[in-house]
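# Structural features, examined
Here are the chains, one letter per residue:
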Protein chains: 2
Amino acid sequence: MEKISALNPPQRILMGPGPSNVHPRVYQALATPIIGHLDPEFLNIMNDIQNLLRYVFQTKNPFTIAISGTGSAGMEAALVNVIEPGDTVIVGVNGVFGGRISEIVRRCGGNLVQIKAAWGEAIDPQRIEDALKTAGKVKAVSLVHAETSTGALQPIEEISKLCKQYGALLIVDAVTSLGGVPVKVDEWQIDICYSGTQKCLSCPPGLAPITFSEPALIAARNRKNKAQSWYLDVTLIADYWADSKRAYHHTAPISMNYALHEALRLVQEEGLEARCERHRRNAAELIAGLQRLNLSPLVAEPHRLPSLTSVKIPAGVEEAKVRKTLLIEYNIEIGGGLGDLAGKIWRIGLMGESSRKANIVYLLAALGEILQKK
Amino acid sequence: MEKISALNPPQRILMGPGPSNVHPRVYQALATPIIGHLDPEFLNIMNDIQNLLRYVFQTKNPFTIAISGTGSAGMEAALVNVIEPGDTVIVGVNGVFGGRISEIVRRCGGNLVQIKAAWGEAIDPQRIEDALKTAGKVKAVSLVHAETSTGALQPIEEISKLCKQYGALLIVDAVTSLGGVPVKVDEWQIDICYSGTQKCLSCPPGLAPITFSEPALIAARNRKNKAQSWYLDVTLIADYWADSKRAYHHTAPISMNYALHEALRLVQEEGLEARCERHRRNAAELIAGLQRLNLSPLVAEPHRLPSLTSVKIPAGVEEAKVRKTLLIEYNIEIGGGLGDLAGKIWRIGLMGESSRKANIVYLLAALGEILQKK
C-alpha cells in the first residue's frame, strides 16, 4: 500500500461545541512515557484523579472515577447500570442529548416517559412533577444540565427535590458544564452525574468522568440481572478503582488518565469558583459583542449556558459558508446547529482553555469582517 | 482539598502482558495539538487510520476502524452487535479471555456452548466440529487467537473452514497478536476481529482496532432488535467513519487516534512481515535464555505466542517478590499469572517496541541475579 504521510494537522482555535483547546501542560502529561496499568505508581495516580474529580463534581461519593470511553460512554454507563427492563424513566428532552438518553433507555428495555420542551428552553419542573404523579413507580429521572445542541442550562435543584420525594434516582448529563459551570452533586443530591473530558476540563476527548451516589450504587448492585454491558458495569469498575481491591477489569487508558490528571490540577490551581466566574464573564462579553454585530442569542436569560452560546443566523446569511471561512481563513472552529436547529444557529463554545478574552476579540473581529463582506 | 502534585511516574521497561513501550514518535503524535473531530483534516486522518488498519489486519473490509475504548470494548463491540437473545455461540475457553467472551455472550442473552481446554493449550478443531454438529443452528464461534493470560496461540484456519461449512460467523480476539503475529483476516476468513492498541502496535491503551466482514455487518444490520449498546453500535459507528457520511455519533478520542496513526505508520515502515519475524526471533532468544536459567515455558510448541512467553515458576521461588524486585530495583515490569495460573507462572511480553534484544539481555541478567541471590 501507499506510504501514509506523517500527521500535520492545522492549528485551530477551538470555539465549537467541543473539543476545546488544551493547555501545553496537559499535552506534556499526555506524552509522558507510560507505566503499566497495575503499577503501584499508576494506582496512586488513579487515587489523585478520584480526589480531583470529587473536587470538580463537588461530591464525597467514593465511586467517582473516569470511564474509559468518551462522554457518550459515560451516558451509557449512567443508564445501563441502573435501568432494568420495565423500569419507568422520565427523560427531559430539549435537544439532541435528551434524545440520545431516550434511545439508550429504550435499549435497556425501560419504559420511557419523555418530557419535551422547545429546543433552547429548559424543562419546567412542574411537568416533571406531573409525570411523577401519574407514571406509577419511577426508577429514574434524567436531565441534561447543559444541552450542547442548544446552549440551554437546566436548573436541577427543584427537580431533585421532586425526585427525592417520589423515590426516583436523578441522573444528570454534565458533559458541557463540569469544570466551567457549577455542578454541585452533593448539594443538589444528584445520584449519577457524568461528563466528558474535552469540554470545560480542556483535556482531549477519550474519558468520561462519572460519579454514583450510594443509592445509585445499591441500585446497580441489587439488579435482578447483570447490566447488559460488561465493559461499563460499575460493580466491576468500582473494584478496579477501589484502593483496597484494584481487581483487574480492563486496561485503563494510561496516557489519557495522565492528561486528565494534569487538566484537573489546572482546575484546582485556578479554583473551581474562579474558573466558573471566568466562564460567566467571558460568555457575557461574547454575547455583548455578538449583539453589536446584530446577532441574537437563541436562549433566553436565565437559561444561557456560559460554556456554549448559540446565536440565530440572520436572514440571507449562508451559515455553512461563514463557518467554513472562519475555519479555513481564520483557523477558528465554531459549530452549526443540529437536528431541528440545523442551518438556524451557530454554536460558539467558550470552554476551559478556549474561554479567553483573546479568542472572543478575535472571533468577533473575524465574524464582523466576514458578515460585512457578504 | 490538598494540592495534588504533578505527575512524576518512573521510567519502566514494559515486558508484561501489556501495555508495551511506546516509540517517541508516537508520544510526539499524542501531544500534537488537537483539532475538532469533524474538522475536514481530522476526517482525512480517520481515512489514513482505516487504510493502515486494513494493512495490519490484512483485510479489504470497508468497516475497519478503531473503537473509542480499550480492547475489552472491542470485544464487547464484536459480540453485542451480532449476538441476539437465544443465539447459540460456541466459545473456546482456555484462559481468562475466553471466560470474558463467555460472560459477554451471557449478557447478550446468548445460548453459550463452551469448549474448554487446559490453560496454556489450544482448542482442538475436532471439538469445535463436534459442537457444531450437535448444537443446532450456531450463530457464531469465538476464539482467542492470542491468550494473554497463558501465552497460547490458537490456530484459526481449520476452525474457520468449519465455521463456513456450518454457516457460523467467526469472531477472533487478536488483542495480543495484531501487529506482532500474523493475523490474516481475509485469508483466514475471519468475520469479526478486534484488538487493542497497547500490545504489539505499541501505542498507549485506549482504542480497539476492529474489522467486520460483509456477512458480519449484515448480521448487525438485520437484527430483530437494536444492539443493547448504543455506544458500540457498529451500524451507527460505520456511518461516522464512512467517508461519504461522517454522521456525528460520538466525539472520537482525537489524541489517541493521532497516536494510533503514528504507531501504524511505524508498522508500515518496518513492514508487517519483518515485524512478525522480529517478534518470532526475539521470543526464541528469550526462551533460550530462560531455559539457561532453568525456567521452562508453560506452553508447548507449536502453540507458543511470540508476543508473550509464560514460564513456570520454580519450586521455592516467591514469585511476587521477584516481580516486585524486578519492578522496583530494575524498573522492569513483567506479569504474574491470572486465575488458575496465579502464583504458577510469569508472563513476559515482547510486544512491539518492547520486543528488543537489549530488553531480553537486560531482563535475563536481572532475573539471573535475583534468582541466584535467593
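The shown structure was predicted, so the numbers you read here are calculated from the model rather than taken from an experiment.

How each quantity is defined
Residues numbered from 1 in each chain as written. Chains lettered and ligands numbered in written order. Predicted model: local features only at pLDDT ≥ 70, side-chain atom pairs only at ≥ 80, totals over all residues. Contact = placed C-beta atoms within 7 Å. Helix = DSSP H or I, 4+ residues; strand = E, 2+ residues; numbered from the N terminus. Nonpolar A, V, L, I, M, F, W, Y, C, P; charged D, E, K, R; others polar. Core = buried A, V, L, I, M, F, W, Y, C linked by C-beta atoms within 7 Å. Buried ≥ 20, exposed ≤ 12 C-beta atoms within 10 Å, placed from the backbone. Pairing = 2+ DSSP bridges. Right-handed = clockwise from strand over helix to strand, strands pointing away. Domains from an automatic or database assignment. Least-squares fit on C-alpha atoms with pLDDT ≥ 70 in both. Axes fitted to C-alpha atoms, helices over the stretch in contact; angles between N-to-C directions. Parallel < 35°, antiparallel > 145°, perpendicular 65-115°, else oblique. Left-handed = near helix turned anticlockwise from the far one by under 90°. pLDDT = per-residue confidence, 0-100. Expected span 1.5 Å × (residues − 1).

This part covers the interface of chain B and chain A. Listed by partner, the interface residues are 65 residues for chain B and 65 residues for chain A. In terms of residue count, helix H9 (residues 254–270) of chain B provides more of the side of chain B that touches chain A than any other element does, eight residues in total. Classifying every residue of the side of chain B that touches chain A gives 30 nonpolar, 23 polar and twelve charged.

Turning our attention to the nonpolar core. Among the nonpolar cores identified, the biggest contains 252 residues, and Leu79(A), Val141(A), Leu169(A), Leu79(B), Val141(B) and Leu169(B) are the most heavily contacted of them. Once residues within four sequence positions are removed from consideration, Val141(B) is found in contact with Ile90(B), Ile128(B), Ile159(B), Cys163(B), Ala168(B) and Leu170(B).

A few words now on the environment of Ile4(B). Within the secondary structure, Ile4(B) is located in the segment before strand E1 (13–14). The spatial distance from the C-alpha of Ile4(B) to the C-alpha of Glu277(B) is 45 Å, given a sequence separation of 273 residues. Excluding residues that lie within four positions of it along the chain, Ile4(B) makes contacts with Asp48(A), Asn51(A), Leu52(A), Arg265(A) and Gln268(A).

Residues and elements named next belong to chain A. The buried fraction of strand E3 (residues 88–93) amounts to six of the six residues, a majority that puts the element mostly inside the structure. The alternating pattern of E3 places Thr88, Ile90 and Gly92 on one face and Val89, Val91 and Val93 on the opposite face, and all of these are buried. Both E3 and strand E4 (residues 111–116) contribute to a ladder of six bridges, which runs parallel. By the bridge assignment, Gly92 is partnered in E4 with Ile115. Read as a crossover between parallel neighbours, the route from E3 over helix H4 (residues 96–107) to E4 is right-handed.

Put simply, Glu301(A) and Pro302(A) share a cis peptide bond, and its omega is 5°. With omega at 5°, the peptide bond leading from Gly18(B) into Pro19(B) counts as cis. Residue position: Pro19(B) is located in the loop between E1 and helix H1 (24–30). Phi is positive for Ser202(A), close to 55°, though the residue is something other than glycine. Mapped onto the elements, Ser202(A) comes out in the loop between strand E9 (192–194) and strand E10 (208–212). Ser202(A) sits in the buried class, given 26 other C-beta atoms within 10 Å. Phi at Gln58(B) is positive, roughly 55°, even though this residue is not glycine. Looking at where Gln58(B) falls in the secondary structure, it is placed in the loop between helix H2 (40–57) and strand E2 (64–67). With 18 C-beta atoms counted inside 10 Å, the residue Gln58(B) sits in the partly exposed group.

Take the pairing of strand E14 (residues 345–349) of chain B next. Consecutive side chains of a regular strand alternate in pointing toward one face of the sheet and then the other. Residue and element names in this part refer to chain B. The element E14 is extensively covered by neighbouring structure, given that five of its five residues are classed as buried. On E14, burial covers both faces: Ile345, Arg347 and Gly349 on one face and Trp346 and Ile348 on the other are all buried. Here strand E11 (residues 308–312) runs beside E14; their pairing, made up of five bridges, is antiparallel. Residue Leu308 lies in a different strand from E14, and its bridge partner there is Gly349. In the sheet, strand E13 (residues 335–336) pairs with E14 via two bridges, with the strands oriented antiparallel. Bridge pairing links Gly335 to Arg347 in E14.

Another point: the domain arrangement of chain A. Residues and elements named next belong to chain A. Split into domains, chain A comes out as domain 1 (13–18 + 271–373) and domain 2 (24–268). Each of domain 1 and domain 2 has a C-alpha centre, and these two points are 27 Å apart. Taken together, the contacts link 25 residues of domain 1 with 26 residues of domain 2. Breaking the side of domain 1 that touches domain 2 down by element, the ones donating at least two residues are helix H10 (272–292) and strand E11 (308–312). For the side of domain 1 that touches domain 2, the leading source of residues is H10, giving four residues. Class assignment for the residues of the side of domain 1 that touches domain 2 results in eleven nonpolar, nine polar and five charged.

Mapping chain B onto chain A calls for a screw motion: a turn of 180° about the axis and a shift of 0.0 Å along it, with 0.0 Å RMSD after fitting. Both copies of the chain, as the preceding transformation shows, are related through a two-fold rotation axis. Counting the interface residues of chain B, we find that 100% of their copies in chain A are interface residues as well, pointing to one common contact surface.

All names here are of chain B. Remark: H2 packs on H9, axes separated minimally by 9 Å, with the N-to-C direction vectors making an angle of 40°. Taken together, the axes of H2 and H9 lie oblique to each other. Crossing geometry of H2 relative to H9 is assigned as left-handed. Every residue of H9 that contacts H2 at Phe42, Ile45, Asp48, Ile49, Leu52, Leu53, Tyr55 and Val56 is listed here: Ile254, Asn257, Leu260, His261, Leu264, Arg265, Val267 and Gln268.

Turning our attention to the sheet that holds strand E13 (residues 335–336) of chain A. Ordered by their spatial adjacency, three strands build an open sheet running E11-E14-E13 (chain A), and the pairing between neighbours is antiparallel. Strands with a single pairing partner mark the edges of an open sheet, and in this sheet they are E11 and E13 of chain A.

This part covers the confidence of the model for chain A. Counting all residues, the mean pLDDT for chain A is 97, and 100% of those residues have values of 70 or more. Model confidence for the complex: the whole-complex pTM is 0.98, and ipTM, which rates the interface, is 0.98.

With that out of the way, let us pick up helix H3 (residues 71–80) of chain B. All names here are of chain B. Here H3 lies mainly inside the structure; ten of its ten residues are buried. Here H3 has its buried residues at Gly71, Ser72, Ala73, Gly74, Met75, Glu76, Ala77, Ala78, Leu79 and Val80. At its buried positions, H3 is contacted by E2, helix H4 (96–107), strand E8 (169–173), strand E9 (192–194), strand E10 (208–212) and helix H8 (234–241).

This part is about the sheet that holds E10(A). In sheet architecture, strand pairing relies on hydrogen bonds along the backbone and comes in two forms, parallel and antiparallel. Residue and element names in this part refer to chain A. Pairing is mixed in the open sheet, where seven strands are placed in the order E2-E10-E9-E8-E5-E3-E4. Edge positions in the sheet fall to strand E2 (64–67) and E4, since each has one partner strand and no second. Between one strand axis and the next, the sheet turns through 20° on average, direction left out of account. Sheet analysis places strand E5 (residues 140–144) next to strand E8 (residues 169–173), joined by five bridges and oriented parallel. Residue Ser142 lies in a different strand from E8, and its bridge partner there is Ile171. Sheet strands touched by helix H2 (residues 40–57): E2, E9 and E10. Its angle to E2, the strand with the most contacts, is close to 105°. Docked against the sheet, helix H3 (residues 71–80) engages E2, E8, E9 and E10, running at close to 20° with respect to E10.

Residues and elements named next belong to chain B. With their axes 10 Å apart at the nearest point, helix H10 (residues 272–292) and helix H12 (residues 357–373) run at an angle of 10° to one another. Judged by the inter-axis angle, H10 sits roughly parallel to H12. When the axes of H10 and H12 are compared, the crossing they make is right-handed. Only Lys357, Ile360 and Leu364 of H12 make contact with H10, whose side of the interface consists of Asn282, Glu285, Leu286 and Gly289. When the residues that make up the contact of H10 with H12 are grouped by side-chain class, the tally is three nonpolar, two polar and two charged.

On to helix H11 (residues 319–330) of chain B, then. With twelve residues, H11(B) should reach 16 Å at 1.5 Å per residue; the first-to-last C-alpha distance of 16 Å fits that figure. Asn331(B) lies just past H11(B) and shows a positive phi near 60°.

By secondary structure assignment, the location of Asp39(A) is in the loop between helix H1 (24–30) and H2. Here Asp39(A) falls in the partly exposed class, since 19 other C-beta atoms lie within 10 Å of it. Separated by 299 residues in the primary sequence, Asp39(A) and Leu338(A) have C-alpha atoms spaced 43 Å apart. Ignoring sequence-local partners within four residues, the contact set of Asp39(A) consists of Arg12(B) and Glu333(B).

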